[in-house]
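The chain contents come next:
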Amino acid sequence: MLRIDANKLTLVYGSNTVVRDISFAIESGCITGLVGPNGCGKSSIIKALSRVLAPQSGSISYNGLNTAQLSCRELACLLGVVPQIPLLPSNFTAFEVVLMGRNPHLGLFQYESSKDFEIVRRAMEQTRTQHLAERRIGELSGGEIQSVVIARVLAQQTQGILLDEPTSNLDIGRQTEVLDLMRDLCHRHGLMIGVVLHDLNLAVQYCDHMILLNQGSIVAEGAPSQVVTPENIRTVYGGGSAVYSIDGLPAVLPRAGSSV
Amino acid sequence: MRFISRIRAKAMPVGPTYRHSHVLSLVLLLGILLLVIVLATSVGSVKIPMGQIWRILLNKLPWVNFVSDWSAGTQTIVLNLRLPRVLLAGTVGMALSVAGATYQGLFRNPLADAYLIGVAQGAALGAVIGFLVPVAGVAYVYGLIPSFAFTGAMLSVLVVYGLARVGKTLPMSTLILAGVALGALLGAVVSYLTLTSGGNTARGILFWLSGSFNLVQWRELHIVFPVVFAGSLMIMLFGRSLNIMQLDEEQAQQLGVYVERIKIILLVIATLITAAAVSFVGIIGFVGIIIPHIVRLIWGPDYRFLLPLSMVCGAIFLILADLLARTLMAPAEIPIGVITALAGAPFFLYLLRRKARMLF
């Protein structure tokens, strides 16, 4: 079980405020989607929640514990992150990269045990990356790298996972595979999943709860059908697309020429 | 389909397999190191048979007692002249290789070594000042130049650190830029002081700058070896962290690595062992870059093996290089930096052509 609460969070890069005074919670058992246009602060929120970016003001708590009560390693046992464009060393093998996920569970003098190798093997099986195990990162495609990083976060065996655009390099088949896996982890195993998605239709399909951001503030929050409405989409993204209803769920499709 | 995935799973490396071969390589290399030490001790102006060297060395152990069939002079040559020199060469090779591997890992830069962040230039300037200090008529005060060199190295990294620090973090790119700039500045001062010093002092400085194990005694080894060995062991504790720091710093932190703390610890230790090594024998370039890369090309990038394997390979390499330096043109000595570049570069280039993908 993991619950992250962000309270009156303000995030700043230099003199540029990217997120202004927002509060929200991400809970176990429901997939929370962060959506919004480019530069609305989604990735900054992921960085702040994983404590890579210190907030200008406001606080974040993990199961009620504040930042000072959790060490970097303890947090890494609770929360795993799949970054947007993960930079990986090209001379390491995929297996070695997935093995890095075991780091927070190991002490300074410890080597990985056969249990750790078994966890890594299973994580690579779940993400269908086991055939890549001995290949070097430099030889892999963008989509394969993304899958390897997802395997790494599974090997980390955390209570919660934050994903920043995990499907941006994947074809539609792999997109649904990855998100189905996350849905399974969330609904069946009670993990906390927070995911940044650009594709509104994927978000509508997979998220139980959506947070729509614009210019660093929350515009709408709630079930997908409450968030993805024609009014909200027009306010946030402009008039370049239209919202339809397919099988009772909203679907957003682009309309050529309508933004001119 | 499930059957196929099971077969594939079996074919996956389960970690320990490649580890066993790495540990085996390490043991073999330690054996080679021992042989190289004995070989280098036996070769010189007076050729001493290897068997005799073994017996002289083993006789030092309390429970071994060979009947001496060698002269007291031979014993002096082996124990007081050659062995300390050979062991110091090994220690320095070890220090430069481990420090080089650490700098490369910290900066995620294949060219990183003690030159890149100004440590070597700081040591050089310290030594040059040591040469120029007029000490009441005494030409050479023991420990004067090494202590100046050591201070210079540590001071320069302190300055670079102070310049590069941004708030609470230490961005590695700023550190490299500050190091390169300071290094250039110090290098210019060294050149100026060397050129204007004139005569014998200038020759002494130039000889020091290109590195030499001439006139080495046990007392140098007693200072350098403990520092280098303890420092190397401490760096090795951070092998897994260094692996993860090859990702970017954000990912490393998200995987539970205390990035800022480890950067400072490793920077301090790597600089300390480099400074300890170069302050006695002068600047020996190239070892810190070439040895870790050769190890990467043969055994892969995992720092938990890269560090110990670099240590042993560096020791072997520098002992052999010093052997060539003192025998090729005997009785004259060739600066060891010349040998390391001449012998190491072609081998490195050969490996580079064959397995470049395994590099950085």
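Residues numbered from 1 in each chain as written. Chains lettered and ligands numbered in written order. Predicted model: local features only at pLDDT ≥ 70, side-chain atom pairs only at ≥ 80, totals over all residues. Heavy atoms only, no water.

**Q** Where do I start with the packing of helix H5 (residues 119–132) of chain B against helix H8 (residues 199–209) of chain B in this structure?
**A** Each pair of packed helices can be described by the angle between their axes along with the distance between the axes. Residue and element names in this part refer to chain B. Two elements in contact, H5 and H8, have axes separated by 10 Å at closest approach and are oriented at 155°. Judged by the angle between their axes, H5 and H8 are roughly antiparallel. Pair H5 / H8 crosses with right-handed handedness. Contacts between H5 and H8 involve Ala123, Ala124, Ala127, Val128, Phe131 and Leu132 on the former and, on the latter, Thr201, Gly204, Ile205, Trp208 and Leu209. Residue composition of the contact of H5 with H8, by class: nine nonpolar, two polar and no charged. (Axes fitted to C-alpha atoms, helices over the stretch in contact; angles between N-to-C directions. Helix = DSSP H or I, 4+ residues; strand = E, 2+ residues; numbered from the N terminus. Parallel < 35°, antiparallel > 145°, perpendicular 65-115°, else oblique. Left-handed = near helix turned anticlockwise from the far one by under 90°. Contact = heavy atoms within 4.5 Å. Nonpolar A, V, L, I, M, F, W, Y, C, P; charged D, E, K, R; others polar.)

**Q** What exactly am I supposed to notice about the packing of aromatic side chains here?
**A** Geometrically, a pair of aromatic rings is defined through the distance of the ring centres and the angle of the planes. Residue and element names in this part refer to chain B. Within the structure shown, the criterion is met by three aromatic pairs over all chains. Relative to phenylalanine 107, the ring of tyrosine 103 has its centre 6.2 Å away and its plane inclined at 5°; by these criteria the two rings are stacked. Highlighted residues: tyrosine 103 and phenylalanine 107, both in helix H4 (residues 72–107), separated by four residues, approximately one helical turn. With relative accessibility at 0%, the residue tyrosine 103 sits in the buried group. The exposure class of phenylalanine 107 is buried, given its relative accessible area of 6%. Each ring, one from phenylalanine 225 and one from phenylalanine 229, has its centre 5.3 Å from the other, and the planes form 15°; the classification is stacked. Of this pair, phenylalanine 225 and phenylalanine 229 both sit in helix H9 (residues 218–236), four residues apart, which is roughly one turn of the helix. (Phe/Tyr/Trp six-rings, centres within 6.5 Å; stacked < 30°, edge-to-face > 60°. Buried < 20%, exposed > 50% of the residue type's maximum accessible area, 1.4 Å probe, protein only.)

**Q** What's the story with the sheet that holds strand S3 (residues 31–35) of chain A in this structure? I'm lost.
**A** Sheet strands pair by backbone hydrogen bonding; their relative direction is either parallel or antiparallel. Residue and element names in this part refer to chain A. Spatially, six strands are ordered S6-S7-S8-S3-S9-S10 in an open sheet, and the strand pairing comes out mixed. Strand pairing shows two members of the sheet lacking a second neighbour, strand S6 (79–82) and strand S10 (217–222), which therefore form its edges. Adjacent strand axes in the sheet meet at a mean angle of 15°, parallel and antiparallel pairs treated alike. Docked against the sheet, helix H5 (residues 142–155) engages S6 and strand S7 (160–164), running at close to 180° with respect to S6. (Pairing = 2+ DSSP bridges.)

Any link to function would need more than the numbers given here.
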